[in-house]
Amino acid sequence: MNAHIIGTGSFLPAKVVTNFELAEHMDTSDEWIVSRTGIRQRHIAVGETTAGMALEAAKRALEDAGMQPEELEMILLATVSPDHIVPSAACEVQAMLGAKNAVAIELNAACSGFVFGLNTAQAYVRAGIYKKILVVGVETLSKIVDWSDRSTCILFGDGAGAAVLTADENAGIQDFIQFADGTKGEALLCDAKPLRNLFVQNEQKQEHVRMDGQEVFKFAVRRVSESIDQLLERNSLATQEIGCYILHQANARIIQSVVKHLKEDGEKFPMNVERCGNTSGASVPLLLDELNRAGRLKRGEKVIMSGFGGGLTWGSIYMIW
Ligand code: UT7
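Procedures and definitions
Residues numbered from 1 in each chain as written. Predicted model: local features only at pLDDT ≥ 70, side-chain atom pairs only at ≥ 80, totals over all residues. Heavy atoms only, no water. Helix = DSSP H or I, 4+ residues; strand = E, 2+ residues; numbered from the N terminus. Contact = heavy atoms within 4.5 Å. Buried < 20%, exposed > 50% of the residue type's maximum accessible area, 1.4 Å probe, protein only. Pairing = 2+ DSSP bridges. Right-handed = clockwise from strand over helix to strand, strands pointing away. Near = heavy atom within 4 Å. Polar contact = N/O pair within 3.5 Å; in protein donor to acceptor, adjacent residues only side chain to side chain. Areas by Shrake-Rupley, 256 points an atom, 1.4 Å probe, with all protein chains shown as cover.

Q: Quick one: what's the story with the environment of Ile304, residue by residue and with numbers?
A: When you line up the elements, Ile304 lands in strand S12 (residues 302-309). Measuring from C-alpha to C-alpha, the distance between Ile304 and Ile177 comes to 11 Å, with 127 residues separating the pair along the chain. The residues touching Ile304, leaving out its near neighbours within four places in the chain, are Ile228, Leu231, Leu232, Ile242, Cys244, Tyr245, Ile246, Ile317 and Tyr318.

Q: Go over helix H10 (residues 283-293) with me, naming the residues and quoting the values.
A: Judged by how many residues are buried, H10 sits mostly within the fold: 9 of 11 residues are covered. For H10, the complete set of buried residues consists of Ser283, Val284, Pro285, Leu286, Leu287, Leu288, Asp289, Leu291 and Asn292.

Q: Outline the pairing of strand S5 (residues 103-107), supporting the account with residue identities and numerical values.
A: When strand S4 (residues 74-78) meets S5, the two strands line up parallel, connected through 5 bridges. For Ala78, the partnering residue across the bridge sits in S5 and is Leu107. A crossover links S4 with its parallel partner S5, the connecting element being helix H4 (residues 89-97), and its sense is right-handed.

Q: Which residues make up the site of the ligand, and what are the values?
A: As a matter of local geometry, the ligand sits amid 19 residues, with Thr28, Arg36, Gln214, His248 and Asn251 nearest to it. At a separation of 2.9 Å, a nitrogen atom of the ligand approaches a polar backbone atom of Arg150. Between the ligand and Gln214, the relevant distance is 2.6 Å, taken from an oxygen atom to a side-chain nitrogen or oxygen of the residue. For the ligand, whose free accessible area comes to 960 Å², the fraction covered by protein is 73%. For the shell around the ligand, the secondary structure elements donating two or more residues are helix H2 (30-37), helix H6 (150-153) and helix H7 (213-234).

Structure representation (structure tokens):
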């Protein structure tokens, strides 16, 4: 049995912030941002919460799947920007949905979070433990980016995406590959709370995202290409057989480099980074939902998904839609 996506949903905050608007607050320009990243605008939360956005995306995915919340056996929620440390956003979504029969677990793999969530769902389905699983990717990155650092804050956006999976004998996830390299963690970093207690009061922490952009860029192009190559090779697949590649929407130039490496047709790599910016763990399910609702994905079509980001983490999935 494979974990197979039967419904998708997404949610974006109402506030849209263009590059021109950012340029009113910092020394940047639409021209610089578009030429380096492909991003023209992003959605920014001004009242929305991480759990609230996840809930909306989850409801829409359940509706699309024709499934009731009580049927769910597991909720896997990927985020690096929850509203609370405890309870997890996964548990908050479980409560608000009324998914009383589902265990709820949060997963932190930064921008690879949703892809790793799908892989985890696949492992539970393959093991015969659960059949009905909700996977959510959600971020309110606007609260952890450093708005005084123009090289990072212009990249990110907020939003949520979700997928409902059931066990299927044929379609669904066929194979996946996933990696982590903690030795390169400093390339993309955001500290948690500092150590402060009765005995230590002075530890300094930076509770904002810091990034070595060029290092992450090189890592992404190399590792995403490599992981897709490996997945194609071990499943004896030619690129011509793949109908669609759904890649983490970090930067249009990263995606274009992967297209070039694979000698593929750029049309097979849909993007929404222009409109949503980099929404980390939410980017793959946001794009997936857009494509699903637009009828862009055909049942039986072979699809590759890739996530990459902080940790460092990366991975790819081969699925039959
Ligand atoms: O989910 C994974 C998340 N991370 C990524 O996807 C990031 C991958 N990296 C990148 O996308 C690129 O490295 C960036 C878009 C972040 C930066 O592009 P770059 O071509 O690597 O630029 P840079 O950092 O080398 O900076 C070039 C210049 C610098 O000025 P000087 O020193 O040449 O005078 C920066 O100060 O551009 C300047 N700069 C800006 N100028 C206008 C940096 N940020 C901005 C800005 N507007 N927002």
